[in-house]
Each structure stands twice: as structure tokens, then as C-alpha cells.
Amino acid sequence: CYFQAKVALRDCCLYRGLGDVCKRQYGYFQFSFLFFFFLSFFFFKQKTAYEISACLVGSEMCIRDRYKYVTLRQLNTITTDGPMNKLTPLKPVPSLIAVLITCIIWFAVPVPDGVDPNAWHLLALFVGTIAAIIGKAMPIGAVSMVAIALVALTGVTNPGSAKAALADALSGFSNELIWLIGVSIMVSLSLNKTGLGARIGYYFISLFGKKTLGIAYSLAIAETVLAPVTPSNTARGGGIIHPIMRSIADSFGSKADDGTSGKIGRYLALVNYNTNPITSAMFITATAPNPLIVTLIVQEAGKGAELSWSMWAVAAFLPALISLITMPLVIYFLYKPEITATPDAPEFARERIRELGPVSLPEKITLGVFILLLALWAGVPGWLFGSEYNVNPTTAAFTGLAALLCSGVLSWDDVLKNKGAWDTVVWFAALVMMASFLGKLGLIKWVSLTVGGGIDHLGIGWTGGMLLLVLFLFFLQLLPVRPIGGGVLLLFPSPLLPKLIMHSHLSITDTPHS
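No experiment lies behind these values; they were computed from the predicted model shown.

Undergrad: Hey, could you go over the packing of aromatic side chains for me, with residue numbers and the actual values?
TA: The geometry of an aromatic ring pair comes down to the distance between the two centres and the angle between the two planes. Enumeration according to the criterion identifies nine aromatic pairs in this entry. For the ring pair tyrosine 203 and phenylalanine 204, a centre distance of 5.7 Å and an interplane angle of 65° mean the geometry is edge-to-face. Given the relative accessible area of 44%, tyrosine 203 is considered partly exposed. For the pair tyrosine 267 and tyrosine 332, a centre-to-centre distance of 5.7 Å together with 80° between the ring planes defines the contact as edge-to-face. Of this pair, tyrosine 267 sits in helix 13 (residues 265-280) while tyrosine 332 is found in helix 15 (residues 309-334), placing the two residues 65 residues apart along the sequence. Accessibility expressed as a relative area gives 12% for tyrosine 332, which makes it buried. Ring-pair connections join several aromatic residues into one group, and the members of that group are Tyr267, Tyr332 and Phe333. When the ring centre of phenylalanine 437 is taken as reference, the NZ or CZ atom of lysine 440 above it lies at 4.6 Å.

Next comes the structure, spelled out in C-alpha cells:
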């Protein structure tokens, strides 16, 4: 601050007079402190982002603090040119590519036989939207708004009725599973706000942390406990578990920037990184795309199909449990840490718990709300009193949020400031709407029959076809696109799996019981 103040005062005529006065009265140091305190109070913006990436130095996750400040020259420009002198339009190159792809599919590629032209045109909009998201033409929420506008304007879902087309374009916002995820993200804010998430993580380390493997399993258990009520896997893995892992690694002098990550930090980071996708697959509410998968599968499976929260959890429990048990061991032998015994870790965790203080009333309320949500999502009332007492999962999520708001654990400002939750609702609504109408207009059925016929000619059976599609989806995730783009790419091919089972000739002849 001292040197920046000197340079700024010399170079900026606007503040030179003020600087001379303050310099004579207070001296450079006092003036620089007061000046930059005032400036930071109004113009500094801090943004902390937890990014999980295997490509970081030492394969460790890290917390990146980026400080963007307005310099004196920028401040002078703002005060003379008005409140806004810079636009943030869409990026021209990815936007042009997205428009070009849309136009090619819409105008240049002939509509295949047996496909509704409106379905084909909607496919063009859908693929163009995905291209814009992957290319980062605009933030995904903004791209989704453009997609909603285009669906309403073109009327591809309901030609001849502008009002009906608009209703179709906005229909995604009535999807209950979208609101389940959005509201659950809002509910999960209380984990960080009250400190309950950190307390749970340190508690398990205090129990099992005498060995490095024990710390790894403690982190895995803690994330598994938090997963059902934390739909943002980034917030869970990066915002709650990662700081705990980082503090443990730092206590053993293991850091990525000084070449000591091999002591224990790299191993714990890799365990943390690989635990996150496993826990995300365990529960419908563990990550945002899961409810979308449920929506598409139930929609394509037909009337009467059901995939409840408890059904998903039961089906995923065994493979997830095996993965959670074996994954830390596999990484242990591949990247064996230099420190294998950690007798001081439990005491370190207990010290952190003591720093958090006694369990507060907000933590108790949050814990009670989470237990209530798990019971409602798992269908416990139905087991005890009959199916008529079951509570819809989205209704349960709204109930939990209402309880946190009424108790004061969360304020309405907390909910409004949670941009991630509102952003998720917007882009999910747009993409679910488009994917749903692709199914309603018969395009997904046509693609599944076409692909099923090709698999039939290959003679590899329904199991081979299933493996082929799973491999396709797996390698799709390796594309060098942002994570959300890779997830969006699954929107279109995911419904092919149940469709192939139902419509492929091989699935009928080979497995009549299916």
C-alpha cells in the first residue's frame, strides 16, 4: 500500500493535491493506510473459488483468491465517463460457431424420413445451445435465456400458437425435480454458515485419523454423510471437505508450492477428488444432473414408471460402497504418501473442533432439518404409517428451507445471494424443456430405433449395445470442455439406454423378461 500510494500520488493529478496535504499532516504510511482502506471498502471485490482439478500442481486441489481492484486511473475514468462505459456482450467466435451449427442442421441437413420437421428444428436449437455453452459464448444462464426466447419465437414445439409456444418454452420451470435441486442448494448453505460441515469432517478425523489411510477414509465418510443434502458437488468437495484436507496437509508441512506435496497432501487431495464423483452418484440429491437423468428416464420409460430417491439410493449403495472402500487403497499404492502414520492428526482435529466451540443452536437446527429431509426423502413416513403419508421430495426440500428461514439460520438475503442455486434453476429449466420436447416430438425414439437397428446388425446383443453406449458416454466426458458442458452433452444420449431396452429387437428376443 505504501509504494502504490507513492506511485499513484505522483502519477495522478486528481489526487496530488490531496496527497500533499495528507502527506504533510500524517506522513506517507498513515495516508497510504487510510487511503487504501477507503478505496478497498468501496471498490475491492474478493472472489474465492474452490476448483477441483487433477491438473493442478502436485495434483492437489487449491483455493484461489483473486482480488480485482480499481486503480486510481480506472477510478478517474469512471468518475468522468459516467456509471457504465463497458459492455459485456457475447463472445463472437463461439457465438458464430453455435449459430452456424444451428443453421446447418436447420437449413442444410435434410430432415430424415419419419422425423417431424419441428423436432428436427428443435434439435438444431438444442445442439446450437450446447455448442454455445461449451464454447462459453455467454454464461450458461444467459445462453439458456436465449434458448428459451428462440423456442418461443420459432414456435417449434407448437406451431401456429404463439401463446402455446411460450407456455412450452417456460414449461421447464414447472419441473419439480429442478426445484428440488435449486432449493436443496439453498438449504445446503447452512452447512457452511453454521460450521456444521467442518465439524462433521473434523469429528471423523478425530476418530480414525491415526493413520494416513484413516484420514482418507474419514474424508470419504464425511463427504458421504454430507452428500444427500448438498446438491452442489463443487461446494461439498471444494467448499467443505477441501479446506479440512488442506489444513491437515499443511499441519504436516505438505504443500504443493514448495515440492512437499508427496508427504501426504497429494494423496489426500487425490482421495478427496475421487471421492466426490462417487458420492455424487449415490443419491439423487447429491449433484445437480441426477434429477435430470431421473426425469428423462421416467419420461422415456412410459406411464407408471418410477425412480424414487430411496430406489436410487438402494441401487447405488453397494457399488458406491465398494468404490469408497477400494479407491483410497488403490491411490495409496499408486501414490503412496511419505507419511503413513499420523498419531497427532486426531488431536489436531479435536483442537479444531474446540476452536469451533460447543455445538451451537443454529448447528442443532441445521442437523435436525437435515435428518428430517433424509427421513422424508427416504420415505420413512410411508414405511411407518402407509404410502398416503409419503411426502414429495420437492415438497420436503421446500419444507426444510422454510424451517431454516423461520428459525433464522438462513436469511432471505442468504437465499437471494446464492447465485448458483438460481442459475441452476434457470439453465436446467431451459435444457430440460428442450430435451423433453425432443422426446415428445418423437426424435429420441427415432434415434434409439436407428441406433438399435445398427446394434442389431452388429450382432453384439443388448448387453453389448449397452456397453457400447456406456463407453460412448464415458469417452464423451473426456472432451476438453468445461465440466458443465460435458454434463449437458449427456442430455441427449442418456435417454437412449432405456429406449434401446424397450425398442431394440435384440432386447426383446434376448431378454424377454426385461
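The discussion continues.
Undergrad: Report on the pattern of salt bridges, specifying residues and quantitative values.
TA: Scanning the entire structure with this criterion turns up eight salt bridges. Of the charged contacts in the structure, one is a salt bridge between glutamate 223 and arginine 236, with a shortest N-O distance of 3.4 Å. Residue glutamate 223 is located in helix 11 (residues 212-226), and its partner arginine 236 is located in helix 12 (residues 233-251); the two are separated by 13 residues in the primary sequence. Taking relative accessible area as the criterion, arginine 236 reaches 0% and is therefore assigned buried. With its nearest N and O atoms 4.0 Å apart, the salt bridge here joins glutamate 355 to arginine 352. Placement of the pair is glutamate 355 and arginine 352 together in helix 16 (residues 345-356), with a separation of three residues, close to one helical turn. The exposure class assigned to glutamate 355 is exposed, which follows from its relative accessible area of 56%. Since its relative accessible area comes to 27%, arginine 352 is described here as partly exposed. What emerges from the salt-bridge pattern is a single network uniting Glu347, Arg350, Glu351 and Arg354.

Quick notes on the rules
Residues numbered from 1 in each chain as written. Predicted model: local features only at pLDDT ≥ 70, side-chain atom pairs only at ≥ 80, totals over all residues. Heavy atoms only, no water. Phe/Tyr/Trp six-rings, centres within 6.5 Å; stacked < 30°, edge-to-face > 60°. Buried < 20%, exposed > 50% of the residue type's maximum accessible area, 1.4 Å probe, protein only. Helix = DSSP H or I, 4+ residues; strand = E, 2+ residues; numbered from the N terminus. Lys NZ or Arg CZ within 6 Å of the ring centre and 35° of its normal. Salt bridge = Lys/Arg side-chain N within 4 Å of Asp/Glu carboxyl O.

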